[in-house]
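Residues per chain are reported as follows:
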Amino acid sequence: MEKFAQDVQNLLGIKLTPRQIAAFATYERELLAWNARFNLTAIRDPEGIRTKHFLDSLTCILAWRNSPPPQTLIDIGTGAGFPGLPLKILFPHLEVTLVDSVGKKLAFCRHIVETLKLEKVTLIQGRAEELGQNSAHRERYDWAVARAVANMPVLVEYLLPLVRVGGAMLAQKGASGPAETQSAERAIRILGGQLHQVLPVYLPGVAEERYLIVIRKQSATPPGYPRRVGLPAKKPIQ
Ligand code: SAM
């Protein structure tokens, strides 16, 4: 964990507390144990978990460097909690909502939330398309984030309806990020967004390109979006 703490400090300028380091160690131990029973993530070695899951998740904060930090954040398709849970460990005051359509992934997230005694975390088993049409969630969040969930034209329809006007969505993307974002230009405009930033991110020892795509919410999303479950992926806005 020492190298991980040093990487966090080098990359993000944040010194983790002993309590936060212990929380990440517990998260890692439980992820390894649960992964032996359920297939939660393809990354199965401690070094990979620290860099490609924990550190990669924490790089989201590079996107809100020049804007007020979010108070409410929703993570769509969180899987084993990425990026939402590492961000919650880093910022205990953040109100985090973790969403996934798969129950066993949410069960693992619940286990971590209970084991680490994290407060102000809401866990929802459901689909982004449903939450986006639910007034308890629609246009309620400062930030909506997602990693490895869908192509940009689909992802913007999942995320932008959840963001309040003045907030932002953040997609963590690989090498295809810039091209995907270009192909989502019209969808972004229709849904009330405006591209703000395409930020390259370099993880120590990781050759693949990583990008943070930040889209600000400029105006309300029209009521017809998101469309019904499955339609955004089947017929992305062109
Ligand atoms: N974000 C995590 C990560 O980066 O490790 C998990 C990524 S995993 C490849 C994609 C996750 O998104 C899956 O757990 C899947 O169940 C969830 N998912 C896909 N489409 C979704 C939707 N429309 N609503 C909610 N969850 C969705």
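Treat the numbers as computed from the prediction; the structure is a model and nothing was measured.

### Details of the packing of helix α2 (residues 18–37) against helix α5 (residues 103–115)
The relative placement of two packed helices is expressed as an angle between their axes plus a distance between the axes.
Okay, so step 1: At their nearest, the axes of α2 and α5 sit 11 Å apart, and the two run at 145 degrees to each other. Taken as a pair, α2 and α5 cross one another with a handedness that is right-handed. Across the interface between the two elements, Thr-26, Tyr-27, Glu-30, Leu-31 and Trp-34 from α2 touch Lys-104, Ala-107, Phe-108, His-111, Ile-112 and Thr-115 from α5.
Okay, so step 2: Residues that form the contact of α2 with α5 fall into these classes: six nonpolar, three polar and two charged.

### Quick notes on the UniProt feature "binding site: S-adenosyl-L-methionine" (unreviewed entry) in the protein
Okay, so step 1: Feature annotation in UniProt places "binding site: S-adenosyl-L-methionine" (unreviewed entry) on Gly-77, Phe-82, Ala-128, Glu-129 and Arg-147, given in this structure's numbering. Among the annotated residues just listed, those that line the largest pocket are Gly-77, Phe-82 and Arg-147.
Okay, so step 2: Looking at the element boundaries, Ala-128 is found in helix α6 (residues 128–131).
Okay, so step 3: Within the secondary structure, Arg-147 is located in strand β4 (residues 141–147).

### Digging into the sheet that holds β4
Okay, so step 1: The strand order across the open sheet built from seven strands is β3-β2-β1-β4-β5-β7-β6, with neighbouring strands paired in mixed fashion. The sheet terminates laterally at β3 (121–125) and β6 (193–201), the two strands that pair on one side only. Direction aside, the axes of adjacent strands within the sheet are offset by 20 degrees on average.
Okay, so step 2: Pairing of strand β2 (residues 95–100) with β3 involves five bridges; the strand directions are parallel. Paired with Leu-98 across the strands is Leu-123, a residue of β3.

### Here we look at the environment of Lys-3
Okay, so step 1: By secondary structure assignment, the location of Lys-3 is in helix α1 (residues 2–12).
Okay, so step 2: The exposure class assigned to Lys-3 is partly exposed, which follows from its relative accessible area of 45%.
Okay, so step 3: C-alpha of Lys-3 to C-alpha of Arg-50: the two residues are 47 residues apart in sequence and 9.2 Å apart in space.

### Considerations on the pattern of salt bridges
Okay, so step 1: The final tally for this structure, using the stated rule, is 11 salt bridges.
Okay, so step 2: Close ionic contact of Lys-3 with Glu-47 constitutes a salt bridge, the shortest N to O distance being 3.9 Å. Taken together, the residues Lys-3 in helix α1 and Glu-47 in helix α3 (residues 46–58) connect sequence positions 44 residues apart.
Okay, so step 3: You can call Glu-47 partly exposed: its relative accessible area is 39%.
Okay, so step 4: Of the charged contacts in the structure, one is a salt bridge between Arg-210 and Asp-56, with a shortest N-O distance of 2.8 Å. Remark: Asp-56 occurs in helix α3 and Arg-210 occurs in strand β7 (residues 210–217); sequence separation between them is 154 residues. In terms of burial, Arg-210 and Asp-56 fall into one category: buried.

### With respect to α5
Okay, so step 1: In this model, α5 (13 residues) spans 18 Å end to end at C-alpha, consistent with the 18 Å of a helix rising 1.5 Å per residue.
Okay, so step 2: At its buried positions, α5 is contacted by α2, α4 (84–90), β2 and β3.
Okay, so step 3: Just downstream of α5, Lys-117 is the residue with a positive phi angle, here 55 degrees.

### Describing the site of the ligand
Okay, so step 1: Taken together, 16 residues are adjacent to the ligand, and Gly-77, Phe-82, Asp-100, Ala-128 and Arg-147 come closest.
Okay, so step 2: The separation between a nitrogen atom of the ligand and a polar main-chain atom of Gly-77 is 2.7 Å.
Okay, so step 3: A total of 600 Å² of accessible area belongs to the ligand in isolation, and the protein chains cover 80% of it.
Okay, so step 4: By residue class, the composition of the shell around the ligand is six nonpolar, five polar and five charged.

### Examining the packing of aromatic side chains
Okay, so step 1: Counted under the stated rule, the structure contains 11 aromatic pairs.
Okay, so step 2: Each ring, one from Tyr-27 and one from Phe-54, has its centre 5.0 Å from the other, and the planes form 40 degrees; the classification is tilted. Within this pair, whereas Tyr-27 is found in helix α2, its partner Phe-54 is found in helix α3, the two being separated by 27 residues in sequence.
Okay, so step 3: You can call Tyr-27 buried: its relative accessible area is 0%.
Okay, so step 4: Judged by relative accessible area, which is 0%, Phe-54 ranks as buried.
Okay, so step 5: Site record: aromatic cluster; members linked through ring pairs are Phe-4, Phe-24, Tyr-27, Trp-34, Phe-38, Phe-54, Phe-82 and Phe-108.

Thresholds applied
Residues numbered from 1 in each chain as written. Predicted model: local features only at pLDDT ≥ 70, side-chain atom pairs only at ≥ 80, totals over all residues. Heavy atoms only, no water. Axes fitted to C-alpha atoms, helices over the stretch in contact; angles between N-to-C directions. Helix = DSSP H or I, 4+ residues; strand = E, 2+ residues; numbered from the N terminus. Left-handed = near helix turned anticlockwise from the far one by under 90°. Contact = heavy atoms within 4.5 Å. Nonpolar A, V, L, I, M, F, W, Y, C, P; charged D, E, K, R; others polar. UniProt positions renumbered as here; feature names shortened; annotations may be inferred. 1 Å grid on protein atoms, 1.4 Å probe; cavity = no way out; pocket = protein on both sides within 12 Å on 5 of 7 lines; lining within 4 Å. Pairing = 2+ DSSP bridges. Buried < 20%, exposed > 50% of the residue type's maximum accessible area, 1.4 Å probe, protein only. Salt bridge = Lys/Arg side-chain N within 4 Å of Asp/Glu carboxyl O. Expected span 1.5 Å × (residues − 1). Near = heavy atom within 4 Å. Polar contact = N/O pair within 3.5 Å; in protein donor to acceptor, adjacent residues only side chain to side chain. Areas by Shrake-Rupley, 256 points an atom, 1.4 Å probe, with all protein chains shown as cover. Phe/Tyr/Trp six-rings, centres within 6.5 Å; stacked < 30°, edge-to-face > 60°.

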